[in-house]
Amino acid sequence: MLLQISEPNSTDNAARERKRGLGIDLGTTNSLVATKSEQGADVIGDASGTRLVPSVVNFNGGVKVGVAALDLAVSDVRNTVLSAKRFMGRSRDDLSEAQLLGLAGTDPLAFDTGDGPKTPVEVSSEILRALAARARDSLEEQEEGVVITVPAYFDDRQRQATRQAAEFAGLNVLRLLNEPTAAAVAYGLDETIAESSVVAVYDLGGGTFDISILRMERGLLRVLATGGDSALGGDDFDEVIVSWMVDQWALIDLTRDQQRRLSVTARAIKERLSESSEVSIEASGEFAHLEDLSVTRETLASLCKGLIQRTLSACDQALGDADVTEVAHVVLVGGSTRMPVVHDAVAQYFGREPLCSLNPDEVVALGAALQADILVGNGDGDEALLLDVIPLSLGLETYGGLI
Ligand code: AMP
């Protein structure tokens, strides 16, 4: 018998010993997977570098996830499932008439697709499977386990459904982490705060607003209160810009197509105004007979004032529920916090500059990745165990309608 003896290479060993943890932000509209890197954590992109994975799955003689499924959202409505997260751990009684449309008559509830009924858990498991596959392809390595984030207001059934989706996808769930806690971890707030202090996580996305008030002591993050509005986000900002354009141009009787086009333009204007102080709107195509318009940051600020005020009223409520008056840190999450008017309003409201150096779309996944890295055993042993506690009654009153 031939015995091959080789000297172990110490660097190789060190590399081999390091285990791989993944952080997954399983979002309503988009999902992301991230992992620890030398400088902190990084979101993992696909071969073309795209980092966000649309949380969309198409079932039609095969499974398509992400951009490929989103491309079919209009041409194959019946077999394409969007926003499955809104249905996780829910029963028929929890849902509105509109939400019940498109569901099969089955119990537990499921989406009616060309491949038969698919439960929200099955849909989410396809998204998780795709995210893990992306990470394995990119890192050429199998992960040891994953940390998946969930909204702080998720109840036990919703959390259980998320765990089950991960199990269906064959993933080892190290922990479910509250989204606002993950955002705080991404900024290292769990490590740097020696004394007990309060952190507000202001999360304004495309369709929802969440405010969470956390109390942080070294290693212990307690969610004191959550609040928000499940129907308030960037889409509403787009709509106030559309109304303004309709007024400026005195448009009447718009077709659905024209409305859609104005919404797309409005969104582009809004996003451009995060970089520039003024943008011009060239009337073209069917609107070519109209005058060009110019819109400034000030105009946008006055148009959005009411919507932003609604988010601040929810902050009032959450701070009251948490019974705190002083906030040590404010963390911004969600694409809409890139709007200078939102940033400034939040800074003024809390009386301090918010943390916004990390990409607000990625910050939750980054925090989950840091936590996953510690939980797979890569920490230096100095980290305090992160406890992420929510009171059981949380969200019942402040998240009107959703829970
Ligand atoms: P999210 O759900 O966190 O991905 O946020 C999506 C929302 O963020 C959409 O309404 C986008 O229009 C908005 N958004 C993304 N980037 C910007 C930007 N640079 N300025 C203003 N809003 C943005």
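First, a word on what this report is: a plain description of the structure on this page. Note that the structure is a prediction, hence the values are computed from the model and not measured. (Residues numbered from 1 in each chain as written. Predicted model: local features only at pLDDT ≥ 70, side-chain atom pairs only at ≥ 80, totals over all residues. Heavy atoms only, no water.)

**Considerations on the packing of helix α8 (residues 234–248) against helix α9 (residues 256–272)**
Stage number 1. Axis separation between α8 and α9 bottoms out at 8 Å; the angle between their running directions is 110°. Between α8 and α9, the angle is such that the two are roughly perpendicular. Contact residues: Gly234, Phe237, Asp238, Glu239, Ile241, Val242, Met245 and Val246 in α8; Leu262, Ser263, Thr265, Ala266, Arg267, Ile269 and Lys270 in α9. (Axes fitted to C-alpha atoms, helices over the stretch in contact; angles between N-to-C directions. Helix = DSSP H or I, 4+ residues; strand = E, 2+ residues; numbered from the N terminus. Parallel < 35°, antiparallel > 145°, perpendicular 65-115°, else oblique. Contact = heavy atoms within 4.5 Å.)

**Digging into the environment of Ala288**
Stage number 1. Structurally, Ala288 can be placed in the loop between β15 (278–281) and β16 (293–296).
Stage number 2. Its relative accessible area of 46% is what places Ala288 among the partly exposed residues.
Stage number 3. Linking Ala288 and Ala133, residues 155 residues apart in sequence, is a C-alpha distance of 47 Å. (Buried < 20%, exposed > 50% of the residue type's maximum accessible area, 1.4 Å probe, protein only.)

**Comments concerning the pattern of salt bridges**
Stage number 1. Tallied over the full model, the rule gives 18 salt bridges.
Stage number 2. Across the pair Asp94 and Arg157 runs a salt bridge, and its minimum N-O distance is 3.1 Å. Of the two residues, Asp94 is situated in the loop between β7 (80–82) and α3 (97–100) and Arg157 in helix α5 (residues 156–168); the sequence distance between them amounts to 63 residues.
Stage number 3. Take Arg157: its relative accessible area is 41%, and that puts it in the partly exposed class. (Salt bridge = Lys/Arg side-chain N within 4 Å of Asp/Glu carboxyl O.)

**A look at the site of the ligand**
Stage number 1. The immediate surroundings of the ligand are formed by 13 residues, with Gly206, Lys270, Glu271, Ser274 and Gly335 found nearest.
Stage number 2. Note that an oxygen atom of the ligand is positioned 2.8 Å from one of the side-chain N or O atoms of Lys270.
Stage number 3. Here the ligand loses 83% of its free accessible area of 500 Å² to cover by the protein chains.
Stage number 4. In terms of residue count, the dominant contributor to the shell around the ligand is α9 (3 residues).
Stage number 5. The residue inventory of the shell around the ligand, partitioned by class, reads 1 nonpolar, 7 polar and 5 charged. (Near = heavy atom within 4 Å. Polar contact = N/O pair within 3.5 Å; in protein donor to acceptor, adjacent residues only side chain to side chain. Areas by Shrake-Rupley, 256 points an atom, 1.4 Å probe, with all protein chains shown as cover. Nonpolar A, V, L, I, M, F, W, Y, C, P; charged D, E, K, R; others polar.)

**Describing the packing of aromatic side chains**
Stage number 1. Applying the stated criterion to the full structure yields 5 aromatic pairs.
Stage number 2. Ring centres of Phe87 and Phe111 lie 5.0 Å apart, and the angle between their planes is 80°; on these two criteria the pair is classed as edge-to-face. Of the two residues, Phe87 sits in the loop between β7 and α3 while Phe111 sits in strand β8 (residues 111–113), which places them 24 residues apart along the sequence. For the residue pair Phe87 and Phe111, the accessibility class agrees, reading buried in each case.
Stage number 3. Seen from their ring centres, Trp249 and Phe287 are 6.1 Å apart, and the 15° between their planes marks the pair as stacked. Of this pair, Trp249 sits in the loop between α8 and α9 while Phe287 sits in the loop between β15 and β16, and the two are 38 residues apart along the sequence.
Stage number 4. Judged by its relative accessible area of 9%, Trp249 falls in the buried class.
Stage number 5. Judged by its relative accessible area of 10%, Phe287 is buried. (Phe/Tyr/Trp six-rings, centres within 6.5 Å; stacked < 30°, edge-to-face > 60°.)

**Some points on the sheet that holds β7**
Stage number 1. Read across the open sheet, the 3 strands follow the order β6-β5-β7; overall the sheet is antiparallel. Two strands bound the open sheet, and with one partner strand each, they are β6 (63–65) and β7. Going from strand to strand, the sheet's axes swing by 20° on average, the running direction of each strand aside.
Stage number 2. Summarising the sheet, strand β5 (residues 56–59) and β7 pair through 3 bridges and their orientation is antiparallel. What sits directly across from Asn58, in β7, is Thr80.
Stage number 3. The strands touched by helix α4 (residues 120–139) are β5, β6 and β7; relative to β5, the strand with the most contacts, the crossing angle is about 110°. (Pairing = 2+ DSSP bridges.)

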